[in-house]
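Close look at the chain arrangement
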Amino acid sequence: MDRNTVIGFSLIFLILAGYYWYTAPSPEEQARMQEMRDSIALVEKRASDSLALVAQKETQNSSVAVSDAANETASKSQELAAFEKGTDSIIILKNKQLTLRFHTQGGSLNSVKLNEYKRSDKTDLELLVDGKNNMGWTWTDQKGQELNSRNFFWEVSECSDSVMAFRLSVNENQYIEQRYVINENKPYVVDYDVNVIGFSNYVRRGNSDFRFDWAATLQKQERDMKWEEQHTAIVYKLSEESPTTLTTTEEAEELLKSPVKWIAFKQQYFTALIGSSADISTDAKLTMKMKTDNSDSSLDIKPLSARIFMEYKGEENRNAAYHFYFGPNHYKTLENTDLGVANAELERIIPLGWGIFGWVNRGVVIPVFSTLDGIIGSTGIIIMLLTIIIKTLLLPLVYKSYISTAKMRILKPEIEAIKEKHGNDLQKTQQENMALYKKAGVSPLSGCVPMLLQLPILFAMFQFFPVAFELRQKAFLWAADLSQYDGPSLGFSIPFYGDHVSFFTLLMTVSTLIYTHLNNQISGVTGQMKYIGYFMPVIFLGVLNDYASGLTWYYFVSNMITFGQQFVIRKTVDDQKLHAQIAAARKKPAKKSKFQERMELAMKASQDRSKGLKRK
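First, a word on scope: everything that follows refers to the structure included in this document. Since the model is a prediction, treat every value here as computed from it, not as a measurement. (Residues numbered from 1 in each chain as written. Predicted model: local features only at pLDDT ≥ 70, side-chain atom pairs only at ≥ 80, totals over all residues. Heavy atoms only, no water.)

**Regarding the sheet that holds strand β6 (residues 146-148)**
Rules: Pairing between strands is defined by DSSP: at least two bridges between them are needed. Secondary structure elements are defined from DSSP: runs of H or I of at least 4 residues count as helices, runs of E of at least 2 residues count as strands, and each element is numbered from the N terminus. Between the N-to-C directions of two axes lies an angle of 0 to 180 degrees, each axis being a line fitted to C-alpha atoms and, for a helix, fitted only over the stretch in contact.
Across the sheet, six strands lie side by side as β6-β5-β11-β18-β17-β14; this open sheet has antiparallel pairing. Across the chains shown, the open sheet's two edge strands, defined by having one partner strand only, are β6 and β14 (252-256). Averaged over all adjacent pairs, the angle separating strand axes in this sheet is 15°, with direction ignored.

**Regarding the environment of Ile 494**
For clarity, the cut-off: Each residue gets one of three labels from its accessible area relative to the maximum for its type: buried under 20%, exposed over 50%, partly exposed in between, using a 1.4 Å probe on protein chains only.
Residue placement: Ile 494 occurs in strand β20 (residues 489-494). By relative accessible area, which is 36% here, Ile 494 ends up partly exposed.

**As for helix α5 (residues 355-373)**
Keep this limit in mind: Between the first and last residue of a helix there are one fewer steps than residues, each counted as 1.5 Å, and that sum is the expected span. To get the bend at a given residue, fit one axis to the seven residues ending there, fit another to the seven starting there, and take the angle between those axes.
For α5, spanning 19 residues, the distance from its first C-alpha to its last is 26 Å, which sits close to the expected 27 Å at 1.5 Å a residue. Where α5 bends most, the angle comes to about 35°, and this point is Asn 361. Within α5, burial applies to Phe 357, Gly 358, Val 360, Asn 361, Val 365, Ile 366, Phe 369 and Leu 372.

**Some points on a nonpolar patch on the surface**
The condition that has to hold: Patch rule: a residue counts if its relative accessible area is over 30% and it has no salt bridge; like charges are joined within 9 Å, and nonpolar side chains (Val, Leu, Ile, Met, Phe, Trp, Tyr) within 5 Å. Exposure was quantified through the Shrake-Rupley algorithm and a 1.4 Å probe, taking into account, for residues, occlusion by the shown protein chains and nothing else. When a carboxyl oxygen of Asp or Glu lies within 4 Å of a side-chain nitrogen of Lys or Arg, that pair is called a salt bridge.
The grouping of Phe 496, Ile 532, Phe 535, Met 536, Phe 540 and Val 543 at the surface amounts to a nonpolar patch, some 570 Å² of accessible area in total. Assignment of secondary structure puts Ile 532 in helix α11 (residues 528-543).

**Considerations on the packing of aromatic side chains**
Stated precisely, the cut-off is as follows: Aromatic rings from Phe, Tyr and Trp, taking only the six-membered ring of Trp, are treated as a pair when their centres fall within 6.5 Å; an angle between ring planes under 30 degrees marks them as stacked, one over 60 as edge-to-face, and anything in between as tilted. To sit over a ring, a charge needs its Lys NZ or Arg CZ within 6 Å of the ring centre and within 35 degrees of the ring normal.
Under the definition given, this model contains 36 aromatic pairs. Both rings, one in Phe 464 and one in Phe 465, keep their centres 5.3 Å apart while their planes meet at 70°; by these two values the pair is edge-to-face. Its relative accessible area of 2% is what places Phe 464 among the buried residues. Through a chain of ring-to-ring contacts, the aromatic side chains of Phe 102, Trp 137, Phe 166, Tyr 180, Tyr 192, Phe 212, Trp 214, Phe 265, Tyr 322, Phe 324 and Phe 326 assemble into a single cluster. The ring centre of Tyr 175 lies 3.9 Å from the NZ or CZ of Arg 167, which sits over that ring.

If you want it as structure tokens, here you go:
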């Protein structure tokens, strides 16, 4: 600390000391203040004694009432506490599609088996597994204590082939009931009613909402855990919005402030969902965590949880209607499932792509596939016919692209001559090329545009096949399951390629290389572009090796049909006639479009600027 700092602090201390000395009260002022404090204390003591006498009388008058209220609350707590002891029993409710297992402890649905389907290892397909699935209601009693339905043993109040009901019953007029109903006319749907009857004295006023917590660790159903993890997610539907999917690659948590129509725990090919027309309130909470057990033997995918609320305002009869869906992610099944929810859009659970790609899948691919599926038994043949239909619809674009490429091939010697003439002067080269295209009646983009118009179909198929339930466990040729890769394991892993061989992917790659070679001959492409065309199929060999074999079977068939189309086009298109068409076009007076005029003006202006810079 330097000298200036010491002097500064010393001055501050002296100023503060002087201020306190100057403002301190004199001895006479201190005596008057003490006398005033003694007077105030005497008045407060007399008031306190008076209030104590009044409070004593009021306490004596109300002691009996307080004692009665405490005894009543204790009595009600004891009535519910009596249900915390008992013997847990398992009860099964079953129809054609579902087998449901309930526990009397909690009166809850603990496991769900889909009777019509098997896992990839041919064992029973349990969508929700006992011990990995927990559902329960929580509410607050009159004493402020949280009570959970899973801590009580519920009595069976109704049991039949289609109905299972459990009650937490104080008497016949005061109870909570959970009622489950299955109906074969509503496949995969379980109606779930919660009835709170005469229970207002057992629920705290002012904090009376019932909270439903559902936590489940979904189980592996398919061959490849990687795809199961990638497609397992929480999907939810808000009242005025399209369904939303929580991120599938990381942990996620979402607090919803708008009313929710349904919440789904979605896997690659199956979904467990709860929905309601009016009884899922705001403030829902959704949580998705990463997989906790990474051992090879574990079937756990990732833990999912949802929290919703049922509003309760102390009504004598509070009835809430919910609906579960436990079933396949099959587009038509979800589309036709009635949950009693308007504009439910359950089919949007399936990720078919955004924008035009989703529209192509929903408007073209799925209707055609469903129609063929009702006629033909082989899924592989259906994919082949679907490919033929799509390629036939795209044939005019393929023909136009071929003609444009052939014309560009005819003009290639002249284009090369222009390039040699002007050397590195790109502006003059481009200007003369444009003039050549205009005279010949050829557009350099006419070959690209038809190919670009085919891209929505290409990417739509890329989205459709990995999630198409129609492919699941359907065999074709050597592929045991078109929804999975079709080859054997290598026993070791190759970087970028993987630890297995997919034969349909190999066929697709070889056919794509052949197609690239033939296309290079037609277009006359040289240089780097020629090698890039060969490089891309090799990249896709590694990328698509893990994908559904139905997808690579589609791409292979598409390549083979393209070979056939180009063979026919080459046989029907005469290059000499194309030469004659180009020659005739050159003789006609060229009409400039406004776009061409603007391009020429821009190029001329750029050229003039370049000349001006050179003069400087």
